[in-house]
Amino acid sequence: MADGSVRGRPTGLTGRRDECEVLDGLVNAVRAGGSRVLVVRGDPGVGKTALLEYMAGQASGCWVARAVGVQSEMELAFAGLHQLVAPMLDRLERLPVPQRDALRVAFGLSVGPAPDRFFIGLAVLGLLADVAEEQPLVCLVDDEQWLDHASAQVLAFVARRLEAESVGLVFAVRAPSDRLAGLSELVVKGLREDDAWALLDTVLTAPLDAGVRDQIVAETRGNPLALLELLRELTPAELAGGFGLPGGGPLSGSIEETFARRLAALPAQTRRLVQLAAADPVGDPVLVRRAAGRLGIQAAAATPAAEADLLEFHARVRFRHPLVRSAAYRSATLQERQEVHRALAEATDPVSDPDRRAWHRAHAASGPDEDVAAELERSAGRARVRGGLAAAAAFLERSAELTGEPGRRSQRLLAAAQAKHDAGAIDAALGLLVSVEAGPLDAQLTAQLQHLRGQIAFDQRRAGDAARLLLSAARRLEPVDAGAAREAHLAALGAAIWVGDQDRPGGLREAAAAACAAPRAGEPPRTVDLLLDAFAVRCTKGYTAAAPLLTRALESFAALRLTDDVARWLWSAVPATDIMALELWNAESWHALATRQVRFARDAGALVHLPLALNCLAWSNLLAGELTAAAALLDEDRLIAEVTRNPPVAYMEMMLAAWRGQDVRASALIEAAVHQATAGGLGWVVTFANYAASVLHNGLGRYDAARDAAWRAFEGDEVGYGPLVVPELAEAAARTGDVALVKAALEWLSERTRVTPNDWSLGIEARIRALLTEGDAAESLYRESIARLGRTRARVELARTHLLYGEWLRREPRRADARTELRTAHEMLTTMGVEAFAERARRELVATGETVRKRTQQTRDVLTAQEAQVAWLARDGLSNPEIGTRLFISPRTVQYHLSKVFAKLGISSRNELDRVLPSAPDTDSPR
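Residues numbered from 1 in each chain as written. Predicted model: local features only at pLDDT ≥ 70, side-chain atom pairs only at ≥ 80, totals over all residues. Heavy atoms only, no water.

Student: Please explain the overall build of the chain as it appears in this structure.
Tutor: For the chain, the helix and strand inventory stands at 48 helices and seven strands. Burial statistics for the chain: of 927 residues in total, 58% are counted as buried. When contacts within the chain are restricted to residue pairs at least 6 apart in sequence, those whose partners lie at least 24 apart make up 71%. A total of about 35,100 Å² of accessible surface is found on the chain, and carbon and sulfur atoms cover 51% of it. (Helix = DSSP H or I, 4+ residues; strand = E, 2+ residues; numbered from the N terminus. Buried < 20%, exposed > 50% of the residue type's maximum accessible area, 1.4 Å probe, protein only. Contact = heavy atoms within 4.5 Å. Areas by Shrake-Rupley, 256 points an atom, 1.4 Å probe, with all protein chains shown as cover.)

Student: Please clarify how the sheet that holds strand 3 (residues 137-142) should be interpreted in this entry.
Tutor: Strand pairing within a sheet occurs via backbone hydrogen bonds; the two strands may be parallel or antiparallel. Ordered in space as 2-3-4-1-5, the five strands form an open sheet in which the pairing is parallel. Every other strand in the sheet has two partners, leaving strand 2 (63-68) and strand 5 (185-187) as the edge strands with one partner each. Between one strand axis and the next, the sheet turns through 15° on average, direction left out of account. Here strand 3 pairs with strand 4 (residues 167-173) via five bridges, running parallel. Bridge assignment links Leu 140 to a residue of strand 4, and that residue is Val 170. Set on the sheet, helix 6 (residues 149-159) makes contact with strand 1 (36-41), strand 3 and strand 4; between it and strand 4 the angle comes to about 135°. (Pairing = 2+ DSSP bridges. Axes fitted to C-alpha atoms, helices over the stretch in contact; angles between N-to-C directions.)

Student: Would you explain the pattern of salt bridges in this entry?
Tutor: Opposite charge on two side chains allows them to pair when their charged atoms are near. Here the structure, examined in full by the defined rule, presents 61 salt bridges. Note that Glu 765 and Arg 769 form a salt bridge whose closest N and O atoms lie 3.2 Å from each other. With a gap of four residues between them, Glu 765 and Arg 769 both fall in helix 39 (residues 759-771), about one helical turn apart. (Salt bridge = Lys/Arg side-chain N within 4 Å of Asp/Glu carboxyl O.)

Student: Teacher, can you tell me more about the confidence of the model for the chain here?
Tutor: Detailed reading of the predicted model is not advised wherever pLDDT is low. With 88% of its residues at a pLDDT of 70 or more, the chain has an overall mean of 85. Between residues 1-10, whose pLDDT stays under 50, and residues either more than four places distant or in other chains, the model counts 29 contacts. Long-range and interchain partners of residues 855-861, a stretch whose pLDDT sits below 50, account for 19 contacts in this model, where long-range means more than four residues apart. (pLDDT = per-residue confidence, 0-100.)

Student: Got a minute to help me understand the nonpolar core in this structure?
Tutor: Where a protein is soluble and globular, its nonpolar side chains tend to be buried together. Core analysis: the biggest nonpolar cluster contains 220 residues, and Leu 103, Trp 619, Met 655, Trp 659, Tyr 691 and Trp 760 have the highest contact counts within it. For this core, the leading source of residues is helix 5 (residues 117-134), giving 11 residues. When neighbours within four sequence positions are excluded, Leu 103 is seen to be in contact with Leu 81, Leu 89, Leu 92, Ile 120, Ala 123, Val 124 and Leu 127. Residues Leu 287, Ala 301, Ala 328 and Ala 343 belong to the second largest nonpolar core, which totals 33 residues. (Core = buried A, V, L, I, M, F, W, Y, C linked by side-chain atoms within 4.5 Å.)

Student: Explanation requested: the environment of Val 187 in the structure shown.
Tutor: Following the sequence through the fold, Val 187 ends up in strand 5. With relative accessibility at 35%, the residue Val 187 sits in the partly exposed group. Residues Val 187 and Ala 175, 12 residues apart in the sequence, show an inter-C-alpha distance of 9.8 Å.

Student: Help me understand helix 24 (residues 482-499) in this model?
Tutor: Since the α-helix turns once every 3.6 residues, residues separated by three or four places project in the same direction. In this model helix 24 runs 25 Å from its N-terminal to its C-terminal C-alpha over 18 residues, within 8% of the 26 Å that 1.5 Å per residue would give. Burial analysis of helix 24 places 16 of its 18 residues in the buried class, which makes it a mostly covered element. The distance from a side-chain oxygen at the start of helix 24 to the backbone nitrogen of Gly 483 is 3.3 Å, and the residue carrying that oxygen is Asp 481. Looking one or two places after helix 24, you find Gly 500, whose phi comes out positive at around 85°. (Expected span 1.5 Å × (residues − 1). Polar contact = N/O pair within 3.5 Å; in protein donor to acceptor, adjacent residues only side chain to side chain.)

Student: So what exactly am I meant to see when it comes to the packing of aromatic side chains here?
Tutor: Aromatic ring pairs are reported here in terms of the distance separating the ring centres and the angle at which the planes meet. One pass over the structure, following the stated rule, counts 18 aromatic pairs. Aromatic side chains Trp 619 and Tyr 721 sit 6.3 Å apart centroid to centroid with 50° between the ring planes, which places their arrangement in the tilted category. In this pair, Trp 619 sits in helix 31 (residues 610-623) while Tyr 721 sits in the loop between helix 36 (703-714) and helix 37 (722-735), placing the two residues 102 residues apart along the sequence. Taken as a pair, Trp 619 and Tyr 721 share a single burial class, namely buried. What links up through ring pairs into an aromatic cluster is the set Phe 458, Trp 498, Trp 590, Trp 619, Tyr 651, Trp 684, Phe 688, Tyr 691 and Tyr 721. Over the aromatic face of Tyr 543 sits the side chain of Arg 752, whose NZ or CZ is 4.5 Å from the ring centroid. (Phe/Tyr/Trp six-rings, centres within 6.5 Å; stacked < 30°, edge-to-face > 60°. Lys NZ or Arg CZ within 6 Å of the ring centre and 35° of its normal.)

Student: Sorry if this is basic, but what is going on with the packing of helix 27 (residues 543-559) against helix 38 (residues 739-755) here?
Tutor: The angle between the axes and the distance between the axes are what describe a pair of packed helices. Packing of helix 27 against helix 38 leaves a shortest axis separation of 10 Å and a crossing angle of 35°. As helix 27 packs across helix 38, the resulting crossing turns out to be right-handed. Taken together, the residues of helix 38 that come into contact with helix 27 (itself represented by Tyr 543, Thr 544 and Ala 547) are Glu 751, Arg 752 and Val 755. Class assignment of the residues belonging to the contact of helix 27 with helix 38 gives a composition of three nonpolar, one polar and two charged. (Left-handed = near helix turned anticlockwise from the far one by under 90°. Nonpolar A, V, L, I, M, F, W, Y, C, P; charged D, E, K, R; others polar.)

Student: What's the story with unusual backbone geometry in this structure? I'm lost.
Tutor: As a rule of thumb, non-glycine residues mostly have phi less than zero, and peptide bonds are mostly trans rather than cis. A cis amide bond links Glu 523 with the next residue in sequence, Pro 524, at an omega value of -5°. Note that Pro 524 resides in the loop between helix 25 (508-517) and helix 26 (527-541). Residues other than glycine seldom take positive phi values, yet Trp 585 does so here, at roughly 55°. Secondary-structure assignment places Trp 585 in the loop between helix 29 (576-583) and helix 30 (587-604).

Student: Honestly, the pairing of strand 3 in this entry has me stumped. Any pointers?
Tutor: In summary, the side chains of a regular strand alternate between the two faces of the sheet. Buried residues dominate strand 3, accounting for six of its six residues. Of the two faces of strand 3, both are covered, the one formed by Leu 137, Cys 139 and Val 141 as well as the one formed by Val 138, Leu 140 and Asp 142. The parallel pair strand 3 and strand 4 is bridged by helix 6, and the resulting crossover is right-handed. (Right-handed = clockwise from strand over helix to strand, strands pointing away.)

Student: So what exactly am I meant to see when it comes to the environment of Leu 334 here?
Tutor: Tracing the sequence through the fold places Leu 334 in helix 16 (residues 334-347). With 30 residues separating them in the primary sequence, Leu 334 and Ala 364 have C-alpha atoms 9.3 Å apart.

Student: What am I meant to see in the packing of helix 20 (residues 406-422) against helix 22 (residues 443-459) here?
Tutor: Look at helix 20 against helix 22: their axes get within 11 Å of each other, and the N-to-C directions meet at 15°. In terms of orientation, helix 20 lies roughly parallel with respect to helix 22. In this structure, helix 20 crosses over helix 22, and the sense of that crossing is left-handed. Of the residues in helix 22, those touching helix 20 at Ser 410, Gln 411, Leu 414, Ala 417, Gln 418 and His 421 are Leu 445, Gln 448, Leu 449, Leu 452, Gln 455, Ile 456 and Asp 459. For the contact of helix 20 with helix 22, the class distribution of residues is six nonpolar, six polar and one charged. (Parallel < 35°, antiparallel > 145°, perpendicular 65-115°, else oblique.)

Student: So what exactly am I meant to see when it comes to the side chain of Glu 765 here?
Tutor: Glu 765 gets classed as buried once you look at its relative accessible area, which sits at 10%. Only 3.0 Å separates the side chain of Glu 765 from the side chain of Ser 750, close enough to count as a polar contact. If we skip the residues at most four places from it in the chain, Glu 765 touches Leu 746, Leu 749, Ser 750 and Thr 753.

Student: Just checking my understanding: could you explain helix 27 for this structure?
Tutor: Across its 17 residues, helix 27 extends 24 Å between first and last C-alpha, which sits within 8% of the 24 Å expected from 1.5 Å per residue. The largest bend in helix 27 is about 25°, located at Leu 549. The set of residues buried in helix 27 consists of Tyr 543, Ala 546, Ala 547, Leu 550, Ala 553, Leu 554 and Phe 557. (Bend = angle between axes of the 7 residues up to and from the residue.)

Student: Where do I start with the environment of Ala 400 in this structure?
Tutor: Relative to the helices and strands, Ala 400 resides in helix 19 (residues 389-401). Given a relative accessible area of 0%, Ala 400 falls into the buried group. For the pair Ala 400 and Glu 370, spaced 30 residues apart in sequence, the C-alpha separation works out to 9.5 Å. Discounting chain neighbours no more than four positions away, the residues touching Ala 400 are Arg 409, Arg 412 and Leu 413.

Structure below.
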């Protein structure tokens, strides 16, 4: 444009009064001690970055931390997170050791096992809270859509857990994001017509035809950056006649094109420097200048870029707008890009930053290069150790692209697909498998590919397809790798368990028979071999024959050190490993195994596997009456589903609602589960829904319905359900006078107790015998059941035995004795949150003439779920940091909740919590 036609650069906030007021309110709330999270969403160029700059300027007295997503850095795990918290890392020593170590490993500051992704999230939350203790903190994250996957996950985790830390966390993003779904949002649109006119007036020095002005505003849709860049491009003659107005293409493309034209007008060395800076995601001026020196670019080359308002060199290299970076990188030819990446690779320290160096080398490669491909493969291994599965997949995928030998290329592509799958990117994994299939496949690679397709089918809830694919893969592997074949057979059995129909083609019986016939993998047998043999015998020869094998497999698995090699088959075996403990009526081992599997999945960052492990652990917690802990695990399942965009497992939700006695909610969830599972061929889930229905109906006193539901769950003899279903069946049958059915349940159970006698199985057996007995013999059996169950984790069954015993005593009639048992049952069940059964106990107590105190229920009503969790943990002696670690919140938020607890309960210290709170379920962390 001719000189003098356009004034200097405006502030970029014209017409943004409402948006600025929102941001002012956020800063004021943070200064006042609150936490606020906001997602600023809008098209490129609409002014999001200007609003973040405004907010930084308004945040006087606050610590302002920043991070900017960079498209070329999306594959480097935790890169964005490091930008945000690097200035705070001198505070690491103040964090709990597990959190501190996790963050140090994630950032490559130390070596160690793969960090727990949730410890990383808690570490970041702790750092932000620690800064905010001294000074209100405002965190600004621009271009969130370009953050690396690991950083985006952690920041979304933190965003949902800020409550009382004097922290503001603001994301700027172009489009709606599943990761940030549900967070408060400020949508920034194009300027209103009058505001767009005002913006034009701030830069124009000559009159503009009204028709042309209106056309400019319409064509740019009020986008401030598009308006300003268009004016830079047009001459006064074009503005006067309207001949130079843009077409109707994508707005971001039009803006980028204007930047490209401005770049083309720069001196050659300056243009080269800008392209170099665009290829470096770090923004380190020392690194860029060192690389520039290798390309023969003089230091003075930066001046024209700064004068053109495109790029500035200060503490960091910063582009005026992300589209400038994009335009600069695209303006380079392929050869020019390779040259700048080669210079950056040579300038990058191979010791302190080997992965970024490998990434630049990969982009510098002009064709297959095994040396670079191998270096990328090593980077993938380091990324996996740090818990960056998405980064590992990206390194492996690029490694495959640079691999010349076709067979090796297919192997690396398959490894990349496996890493994508494990990180929860199922669609991306399927895309890579298509590429694998296009290459040469030997017998082993074909089987491995089919195995991964089977895993993906299982993750997509297509258990029937998964069982067939996994069984086919196992058979293909038998002649080439007997050990891998047996691992695949165990995976096929695990999928077939979910199918449930034992006799259908591809069902459990066929998978078990194939496992029995599979060749041995050598001596001594591995844990996976013991598991496979035990389940195969259980499904083909019955419980008595399988019990010794199950016992040996359980002992071996409990002693097994979980490693990446074990992970190959472990996730496919879930929930078979938990079922193994259930089959043996070993509640303690069940809980220990489930806890360990959750920890291992977290440590590995295996978000595709973690949800099922969480649900298995929640199931164990329900048996122990730990409904609050179970609910927290299911909340985590939903959070992971939001992050990965995969459906939550969710089946345990109906079980939790059933134990809580939530009739409407539980019934709806059960009905939906039966419908979906029937359509998807998930017979095991249908059985689970029937089991949940039996619990719900027994609690509500609908014994006919409970009996029918329990019978449907019992009659197929599905593995893993017996210990849970038989108590429901026996109680409901006894209440409806179906003595024959009670005896059938007892006969089934007696077969188990003869070969696996322990306190859980013998305690339930004694209770069922009591239902069939009268007089002193019945009382003795009830007391035996209470004594035995009291030595187990099956605390909900212990509470129900007190209830049944109390009900029996009242009918004798022995009201005084009944009150003792019924009070115990009522207190235990109410504390657990098992409301329908607690109500049964209350009605029985009233029938004995007891006046039932409502203190426990009132306390539950006064406190929110999280306040109750905090209160129970504080009562048990945990410090604020320890409570925060368990509940995924900051210590300051713990203190905030405790202050509300004290006010609601009328107390002033932790020491008084024991007096006002009921005895709570075991508050051991689900970790």
